[in-house]
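# Coordinate inspection notes
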Amino acid sequence: MHSFLLAVSLAGLTSATNPESIEKRDGGYSVYYEAINDDLARYTILALGCAAAIYYIWQLIFRFSRHLRRLASFSDDRQRYFVSTHNVFAWIKEHIIYAALFRSRHNQELQLSSAINMGTLPSRFHAFLITGVIAMNVTLCCVTSPYGSTEDTLAGVIRNRTGTMATVNLIPLVLMAGRSNPLIAMLHVPFDTWNLLHRWLGRIVVLESLAHIFAWAIPNAQEKGWKVVGMAMTGSSFLLTGLVAGCALTALLVHSPSPIRHAFYETFLHLHIVIAAVSMGFLWVHLNGMIAQTYLLASIILWALERATRFLIIVYRNCGRESTTATVEAMPGDAMRITLRMARPWTFRPGQHIYLYIPAVGLWTSHPFSVGWSETEDSNSDEKSLPLSNKDLLSAPKKESISLLVRRRTGMTDKLYQRAANSTSSRITLRAFAEGPYGNIHTMDSYGTVMLFAGGVGITHHVPFVRHLVAGFADGTVAARRVTLVWIIQSPEHLEWIRPWMTSILAMDRRREVLRIMLFITRPRNTKEIQSPSATVQMFPGRPNIDTLVGMEVENQIGAMGVLVCGNGGLSDDVRRVCRKRQAHSNVDYVEESFSW
């Protein structure tokens, strides 16, 4: 098909072109190699599916073992059997799963200056995944190519092969980019990892598209000249639409480097969506009547379904007899506590997050925030609808409220903070839309010892875990027997961020038997304000020694130990490094909550 259209277009543009020679050079193999290309495209999908199936089985094994470990804890408070580690698996965790790519730096951002962010380094396990995807694409683009053959042209085969691979790779590329990616819940792989793979697979698609274009243009330019190539592209809708699609894909790569993405994220995101839609539209015309168009159709359907599903869920969750509202309260330390009163009740679990839309401030833009607290409260009612009997009280409508803790940054969060701070009561109520909930891929229920490290507003992610584990300990439904929360803040004023939530937790049944809270104030005004309220809630000046804290817990470890961290990149890398050191001595699992964009 490529050869025929090229011959026709060139013949119509210049008499110096010889279509018969082009047909001879590029023809004679199209049917055979098109079938091979289609087979390799199917092998690509099959390989990715098999990889997902293998990882799913891996996760099922660990979920089952954690469930058994949790059940076993009900009859043994000491849980000694689960303290020891398996030597081979401990080595794998230390040197592959938890290891940074080089030394100990992984989540700490690389910054050329305070304004230029170069992103983060992938972990060693992520590097293996990226290398595997690259190797698979290189192999499938080069296998069965006619090297040294006089009958078939290598450039023609590479041209069609890279074009097919670029198209079929759009299917996982679109799937990995979605917030509601079903593989997140199925494989228990966080969105952060899928986002990383999405970026690298996108680069592969762009390189394959460029290889596809140049594999056609260079041989023809060598034979007929670049002028004829340019005339052919402008004179053929088939060639022109392919060129525009390739240029659009290249534009996606050019505007996506980390410094640009972080400095102008909202602009980047909307341009990214528009350019991606343009590239798919022109690619659809370019592939008209070809087998590869089926793969493009699959990616378009996935994208449309994901967008439509998200829109319908947002409307359903936030619109009804009443609408979702957000009460924004300005807090010390450039933070906000946002309480959402949902139009319809949701069920939230520890570790989940939502995307928040506040049209009055950010129009249609949204930002992800961890859910710090959720509870059911009575709906406000006027005097005319006051309940008159017990039956009325029981049937009175309830409203789900969720609370978020948000640090003031730039853009939407800065505008929102300014509006709340400038109001007379430092509090405003606005119309809002909440999308989600997402996350909840990690559970700490099977660990006898749990350590939670939080930096700043990262405490929002940990508070639901603390409440869940303390309640589970009292009810006898979790394995936790030691829960230690380590929170690092700059000033004692930041304690106000979670005071109402922590007051509820401290009043819970049997809390003192299981929970210990350690607060580290890095910038106290004076040491007199650092006073520990009790033996189970302690305050310290300065930064914590992560190695010492983890070592103390390991010495007194009950059962398997889970370490969960949510904070800046430096804190995450420090905790990761310490947990890696302990793999050979004890059963310690490391879980990191991060969000890259």
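This write-up is about the structure you can find in this document. (Residues numbered from 1 in each chain as written. Predicted model: local features only at pLDDT ≥ 70, side-chain atom pairs only at ≥ 80, totals over all residues. Heavy atoms only, no water.)

This part takes up the overall build of the protein chain. When you go through the protein chain residue by residue, the secondary structure sums to 22 helices and 14 strands. Looking at the protein chain as a whole, 48% of its 597 residues are labelled buried. Considering only contacts in the protein chain between residues 6 or more positions apart, those separated by 24 or more positions represent 73%. Element-wise, carbon and sulfur atoms account for 61% of the exposed surface of the protein chain, whose accessible area totals about 29,200 Å². (Helix = DSSP H or I, 4+ residues; strand = E, 2+ residues; numbered from the N terminus. Buried < 20%, exposed > 50% of the residue type's maximum accessible area, 1.4 Å probe, protein only. Contact = heavy atoms within 4.5 Å. Areas by Shrake-Rupley, 256 points an atom, 1.4 Å probe, with all protein chains shown as cover.)

Once that is clear, we can look at the sheet that holds strand β11 (residues 515–521). Overall, parallel pairing links the six strands, which are arranged β12-β11-β10-β9-β13-β14 in an open sheet. Unpaired on one side and paired on the other, β12 (537–541) and β14 (588–592) mark the two borders of the sheet. When the angles between neighbouring strand axes are averaged without regard to direction, this sheet yields 15°. Alignment of strand β9 (residues 449–455) against strand β10 (residues 482–489), held across seven bridges, turns out to be parallel. Paired with Gly-455 across the bridge in β10 is Ile-488. (Pairing = 2+ DSSP bridges. Axes fitted to C-alpha atoms, helices over the stretch in contact; angles between N-to-C directions.)

For the rest of this paragraph, the subject is the pairing of strand β7 (residues 427–431). In the case of a regular strand, side chains alternate between the two sheet surfaces. In β7, alternate side chains face the same way, and those of Ile-428 and Leu-430 are buried while those of Arg-427, Thr-429 and Arg-431 on the opposite face are not. In terms of strand pairing, strand β1 (residues 325–331) meets β7 through five bridges, oriented antiparallel. Bridged to Glu-329 within β7 is Arg-427.

All right, on to the sheet that holds strand β4 (residues 366–370) then. Read from one edge to the other, the open sheet built from three strands follows the order β4-β3-β8, with strand pairing classed as antiparallel. Two strands in the sheet have a free side with no partner beyond their single neighbour: β4 and β8 (433–439). Ignoring which end each strand starts from, the neighbouring axes of this sheet average 25° apart. Relative to β4, strand β3 (residues 352–357) runs antiparallel, the two sharing five bridges. Looking across to β4, one finds that Tyr-355 is bridged to Pro-368.

A separate point is a nonpolar patch on the surface. Together, Tyr-56, Ile-57, Leu-60, Ile-61 and Met-186 make up an exposed nonpolar region whose accessible area comes to about 450 Å². Broken down by element, the nonpolar patch gets its largest block of residues, four residues, from helix α3 (residues 30–73). Mapped onto the secondary structure, Tyr-56 falls in helix α3. Taking relative accessible area as the criterion, Tyr-56 reaches 31% and is therefore assigned partly exposed. (Patch = residues over 30% accessible without salt bridge, like charges linked within 9 Å, V, L, I, M, F, W, Y side chains within 5 Å. Salt bridge = Lys/Arg side-chain N within 4 Å of Asp/Glu carboxyl O.)

Glancing now at the packing of helix α13 (residues 265–286) against helix α14 (residues 292–318). Following both chains from N to C, one finds α13 and α14 inclined at 150°, their axes separated by 10 Å at the closest point. In this structure, α13 meets α14 at a crossing whose hand is left-handed. Taken together, the residues of α14 that come into contact with α13 (itself represented by Ile-273, Ala-276, Ala-277, Met-280, Leu-283 and Trp-284) are Gln-293, Leu-296, Leu-297, Ser-299, Ile-300, Trp-303 and Arg-307. Residues belonging to the contact of α13 with α14 are distributed by class as follows: 10 nonpolar, two polar and one charged. (Left-handed = near helix turned anticlockwise from the far one by under 90°. Nonpolar A, V, L, I, M, F, W, Y, C, P; charged D, E, K, R; others polar.)

Glancing now at the side chain of Thr-193. Looking at the element boundaries, Thr-193 is found in helix α9 (residues 191–224). A polar contact of 3.3 Å, which involves the side chain of Thr-193, links it to the side chain of His-126. (Polar contact = N/O pair within 3.5 Å; in protein donor to acceptor, adjacent residues only side chain to side chain.)

Attention shifts here to unusual backbone geometry. Here the bond from Gly-436 into Pro-437 is cis, since omega is 0°, no more than 30 degrees from zero. Within the element layout of this structure, Pro-437 appears in strand β8. Notably, Arg-510 is not glycine yet its phi reads approximately 65°, a positive angle. On the secondary structure map, Arg-510 appears in the loop between α19 (499–506) and α20 (511–514).

Here we come to the side chain of Ser-403. Positionally, Ser-403 belongs in strand β6 (residues 398–407). Excluding residues within four positions of it along the chain, Ser-403 makes contact with Ile-338, Thr-339, Ser-370, Val-371, Gly-372, Trp-373 and Trp-501.

This part covers the packing of helix α11 (residues 237–254) against α13. Relative to each other, α11 and α13 sit at 155°, their axes nearing to 8 Å. Taken together, the axis directions place α11 and α13 in an arrangement best described as roughly antiparallel. Every pair of crossing elements has a handedness; the one defined by α11 and α13 is left-handed. Contacts from Phe-238, Thr-241, Gly-242, Val-244, Ala-245, Ala-248, Leu-249, Ala-251 and Leu-252 of α11 reach α13 at His-272, Ile-275, Ala-276, Ser-279, Phe-282, Leu-283, Val-285 and His-286. Across the contact of α11 with α13, the residue classes tally to 12 nonpolar, five polar and no charged. (Parallel < 35°, antiparallel > 145°, perpendicular 65-115°, else oblique.)

Further remarks concern the pattern of salt bridges. Within the structure shown, the criterion is met by 19 salt bridges. With its nearest N and O atoms 2.8 Å apart, the salt bridge here joins Glu-435 to Arg-310. Of this pair, Glu-435 sits in strand β8 while Arg-310 sits in helix α14; the two residues are 125 residues apart in sequence, bridging distant segments of the chain. Its salt-bridge partner being Arg-525, residue Glu-493 comes within 3.6 Å of it at the nearest N-O pair. Of the two residues, Glu-493 sits in the loop between β10 and α19 while Arg-525 sits in the loop between β11 and β12, which places them 32 residues apart along the sequence. Classification of Glu-493 as partly exposed rests on a relative accessible area of 36%. For Arg-525, a relative accessible area of 60% translates into the label exposed.

In terms of burial, helix α7 (residues 170–177) is a largely internal element, six of the eight residues being buried. All of the buried residues along α7 are Leu-170, Ile-171, Pro-172, Leu-173, Val-174 and Met-176.

Bringing the pairing of strand β13 (residues 561–566) into the picture now. Among the six residues of β13, six are classified as buried, and the element is accordingly described as predominantly covered. The side-chain alternation of β13 yields two buried faces, one formed by Met-561, Val-563 and Val-565 and the other by Gly-562, Leu-564 and Cys-566. Strand direction decides the pairing type here: β13 and β14, joined by five bridges, are parallel. Along β14, the bridge assignment pairs Val-565 with Glu-592. Chirality of the crossover, the property in question, places the unit of β13, helix α22 (residues 569–581) and β14 among those that are right-handed. (Right-handed = clockwise from strand over helix to strand, strands pointing away.)

Let us look at the environment of Leu-519. By the secondary structure assignment, Leu-519 is in strand β11. Overall, Leu-519 belongs to the buried group, its relative accessible area being 8%. Sequence-wise, Leu-519 and Leu-495 are 24 residues apart; in three dimensions their C-alpha atoms are separated by 9.3 Å. With sequence-adjacent residues up to four places away left out, Leu-519 is seen in contact with Trp-487, Leu-495, Gln-538, Met-539 and Phe-540.

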